[in-house]
Amino acid sequence: NRVTSRRQVVLALGAGMLAAPLGAVAQPQGRVYRVGYLSGGSRPNQSNPNELEDAVFRTLRELGYVEGRNLLVERRYSERKYEALPELAAELVKLNPDVIVAMTTPPSIAAQKATSTVPVVAVFVSDPVASGLAKSLGHPGGNITGLSDLTTDLFPKLLELLKVIKPALSRVAFLDNPANPIHLFYLEALPQAAKQLGVTVDVFDAKSVQDIERAFPLMQGARSEGLVVGTDALLYFQSPLVARLAIESKLPAVFAYRQEALAGGLMSYGPNPIDICRRAAGVVDKILKGAKPGDLPFEQPTLFDLVVNLKTANALGVKVPQSLLLRADKLIE
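Going along each chain's sequence as written, the residues are numbered from 1 onward. Totals for whole chains, interfaces and linings use every residue, but because this is a predicted model, local features are given only for residues with pLDDT of at least 70 and side-chain atom pairs only at 80 or more, for both listing and counting. Neither water nor hydrogens contribute to the side-chain values; these are computed over all heavy atoms in the structure.

Visitor: Just checking my understanding: could you explain the overall build of the chain for this structure?
Guide: Each helix and strand in the chain was counted, giving 12 helices and 14 strands. For 333 residues, the compact-globule estimate of 2.2 N^0.38 gives 20 Å, and the C-alpha radius of gyration of the chain, at 20 Å, lies within 12% of that figure. Seen along its three principal axes, the alpha-carbon backbone of the chain occupies a region of about 65 × 40 × 40 Å. Burial status follows relative accessibility: with a 1.4 Å probe on protein chains alone, a residue under 20% of its type maximum counts as buried, one over 50% as exposed, and anything between as partly exposed. Each of the 333 residues in the chain was classed as buried or not, and the buried ones make up 56%. Working definition: helices are DSSP H or I runs of at least four residues, strands are E runs of at least two. Numbering for both runs from the N terminus. Computation of the radius of gyration draws on C-alpha atoms alone. For the globule rule, the value is 2.2 Å times the number of residues to the power 0.38.

What follows is the structure, given as structure tokens:
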């Protein structure tokens, strides 16, 4: 696919923080830093790479933290089984790391329950305050800070994008993982957003790949006319599958992250996850240099990208309005 750059869509939400400046920084000689990494996803390999994890540690290298030299990383993956996260978090805490990087809300909550002293950088947390991870965004308190992605706040916007594509849209499917705590926040946002746009939203649960595959015939049975996909590690890493099934089911699908549109989704609107990971590395750097996580604000995204996959639009027989094309940050042709 050829990706054509267009101007960025800028949405100022909350008190966004600027990303920490990057660049190689000399670290004290002889000091080896120990970082824990907790993920709800699968362990990456050559056939299953994780560009988000790579972005975190590549940026740490740029900041002077090199694995095998002055950085020791202890990684734990729950393989999409969120019930395994508490034990994995406890394992990391026993290793007495200098900081734990927790990717998404479920690992962050598990880390919070495992320790009140080890610093935690929580990444991709939709609502840190509602999740109980922070007293406030500006002053989290305790041992946790990090980066919010505000994706639960974006649900009305994703519905609006579907409406632009299909103005007569009346019934929308919402695919999400009920094992993820942010699922409850989505359910709270659904009724009002749906009412404002005059649509009915049907919720389809997916805790596994098999659930994803089973959901699409059910969507067709419910006469769904469009699909909004929730933010979750399982759904993110299975976005090529979700996108393919959506095309086969003739469902225009919108996602929160650009990588999901690049994987075949019709559209995405939300913060750039690679940028969030790079900024997370900057927060880790601050903590390793002595900053207290409770004093570091939870950073929020300020730039949101709109990506439109025209190849998928053609496959669906959908005509994307010119007004949307002009707003797009990237067009995939």
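Visitor: What is the right way to look at a nonpolar patch on the surface in this model?
Guide: Only residues above 30% relative accessible area that lack a salt bridge enter a patch, with like-charged residues linked at up to 9 Å and the nonpolar side chains Val, Leu, Ile, Met, Phe, Trp and Tyr linked at up to 5 Å. Only the protein chains shown count as cover for residues, with accessible areas throughout obtained via the Shrake-Rupley method and a probe of 1.4 Å. Whenever a carboxyl oxygen of Asp or Glu lies within 4 Å of a side-chain nitrogen of Lys or Arg, that contact is scored as a salt bridge. Taken together, the side chains of Leu184, Leu187 and Val203 define a hydrophobic patch exposed on the protein surface, amounting to about 230 Å² of accessible area. Looking at where Leu184 falls in the secondary structure, it is placed in helix α5 (residues 182-197).

Visitor: How do you make sense of the side chain of Ser239 when you look at a structure like this?
Guide: Here Ser239 lies in helix α8 (residues 239-248). A relative accessible area of 4% means that Ser239 is categorised as buried. Setting aside its immediate chain neighbours within four residues, Ser239 contacts Glu260 and Ala263. Two residues form a contact once any of their heavy atoms are found within 4.5 Å.

Visitor: Which parts of the structure should I look at to understand empty space enclosed by the protein?
Guide: Cavity and pocket criteria rest on a 1 Å grid covering protein atoms alone: a 1.4 Å probe that fits but cannot get out defines a cavity, protein on both sides within 12 Å along at least 5 of 7 lines defines an open pocket, and an atom within 4 Å of a point defines a lining residue. Grid points are joined across faces, edges and corners, and a volume is the space filled by probe spheres set on the points. Scanning all chains against the criterion turns up 2 cavities of 30 Å³ or more. Each pocket or cavity is described by its volume, and for the largest cavity that value is around 240 Å³. Around the largest cavity sit 21 residues that line it, and Leu52, Thr104, Phe124, Asp232 and Ala233 are the ones nearest its centre. Residue assignment for the lining of the largest cavity shows that the elements contributing at least two residues are β3 (33-39) and α7 (233-237). If one sorts the elements of the lining of the largest cavity by residue count, α7 sits on top with 3 residues. Amino acid classes used here: Ala, Val, Leu, Ile, Met, Phe, Trp, Tyr, Cys and Pro are nonpolar; Asp, Glu, Lys and Arg are charged; the rest, including Gly, are polar. Residue composition of the lining of the largest cavity, by class: 10 nonpolar, 9 polar and 2 charged. When its volume is computed, the second largest cavity comes out at roughly 30 Å³. Ala243, Ala246, Ile247, Leu251, Pro252, Ala253, Phe255, Gly264, Gly265, Leu266, Thr312 and Leu316 together form the lining of the second largest cavity.

Visitor: How do you make sense of the packing of aromatic side chains when you look at a structure like this?
Guide: Any pair of aromatic rings gets described here by the distance separating the centres and the angle formed by the planes. Pairing of aromatic side chains here covers Phe, Tyr and the six-membered ring of Trp, requires ring centres within 6.5 Å, and sorts the geometry by plane angle: under 30 degrees stacked, over 60 edge-to-face, intermediate tilted. Taken as a whole and assessed by the stated rule, the structure comprises 10 aromatic pairs. Aromatic side chains Tyr33 and Tyr65 sit 5.4 Å apart centroid to centroid with 85° between the ring planes, which places their arrangement in the edge-to-face category. Taken together, the residues span a long stretch of sequence, with Tyr33 in strand β3 and Tyr65 in the loop between α1 (51-62) and β4 (71-77) at a distance of 32 residues. Just as Tyr33 is buried, Tyr65 falls in that class too.

Visitor: Explain helix α6 (residues 209-221) to me, please; I cannot follow it from the model alone.
Guide: Spacing of three or four residues puts side chains on the same side of an α-helix, whose turn is 3.6 residues. All of the buried residues in α6 are Val209, Asp211, Ile212, Ala215, Phe216 and Met219. Looking one or two residues beyond α6, the residue adopting positive phi is Arg223, at roughly 60°.

Visitor: I keep staring at the pattern of salt bridges and nothing clicks. Help me out?
Guide: It is possible for side chains bearing opposite charge to pair when their charged atoms get close. The full count for this structure, using the stated rule, is 16 salt bridges. Across the pair Asp285 and Lys289 runs a salt bridge whose closest N-O atoms are separated by 3.3 Å. Salt bridges here are not isolated pairs; linked through shared partners, they connect Arg34, Glu74, Arg76 and Glu91.

Visitor: Looking at this structure, I do not really get the nonpolar core. What am I missing?
Guide: A general feature of soluble globular proteins is that nonpolar side chains tend to end up buried together. Core analysis: the biggest nonpolar cluster contains 36 residues, and Phe155, Val201, Val228 and Val308 have the highest contact counts within it. Secondary-structure elements contributing two or more residues to this core are α4 (155-165), β8 (171-176), α5, β12 (267-271), β13 (303-309), α11 (310-316) and α12 (322-327). Tyr77, Val101, Ile274 and Val284 belong to the second-largest nonpolar core, a separate cluster that totals 33 residues. By convention a nonpolar core is built from buried Ala, Val, Leu, Ile, Met, Phe, Trp, Tyr and Cys residues, the set being connected through side-chain atoms within 4.5 Å.

Visitor: Explain the packing of α1 against helix α10 (residues 273-288) here, please?
Guide: Packed helix pairs are specified by the crossing angle of their axes together with the interaxial distance, meaning the distance between the axes. A fitted line through C-alpha atoms serves as each axis, taken over the contacting stretch for helices, and the angle formed by two N-to-C directions is quoted from 0 to 180°. Their axes nearest at 8 Å, the elements α1 and α10 cross at an angle of 40°. In terms of their interaxial angle, α1 and α10 are classed as oblique. Here α1 and α10 pass one another in a crossing that is right-handed. Every residue of α10 that contacts α1 at Glu51, Leu52, Ala55, Val56, Thr59, Leu60 and Glu62 is listed here: Pro273, Ile274, Cys277, Arg278, Ala281 and Val284. Its residues placed into classes, the contact of α1 with α10 shows 9 nonpolar, 1 polar and 3 charged. The cut-offs work like this: below 35 degrees is roughly parallel, past 145 is roughly antiparallel, 65 to 115 is roughly perpendicular, and the gaps in between are oblique. Crossing handedness is read from the near helix: turned anticlockwise from the far helix by less than a right angle, it gives a left-handed crossing, and turned clockwise, a right-handed one.

Visitor: What's the story with unusual backbone geometry in this structure? I'm lost.
Guide: A negative phi angle is the norm for most residues apart from glycine, just as the trans form is the norm for most peptide bonds. The phi dihedral of Arg80 is positive, around 70°, even though this residue is not glycine. Considering the arrangement of structural elements, one finds Arg80 in the loop between β4 and α2 (85-94). Phi at Asn96 is positive, roughly 55°, even though this residue is not glycine. If you trace the backbone, Asn96 turns up in the loop between α2 and β5 (99-103).

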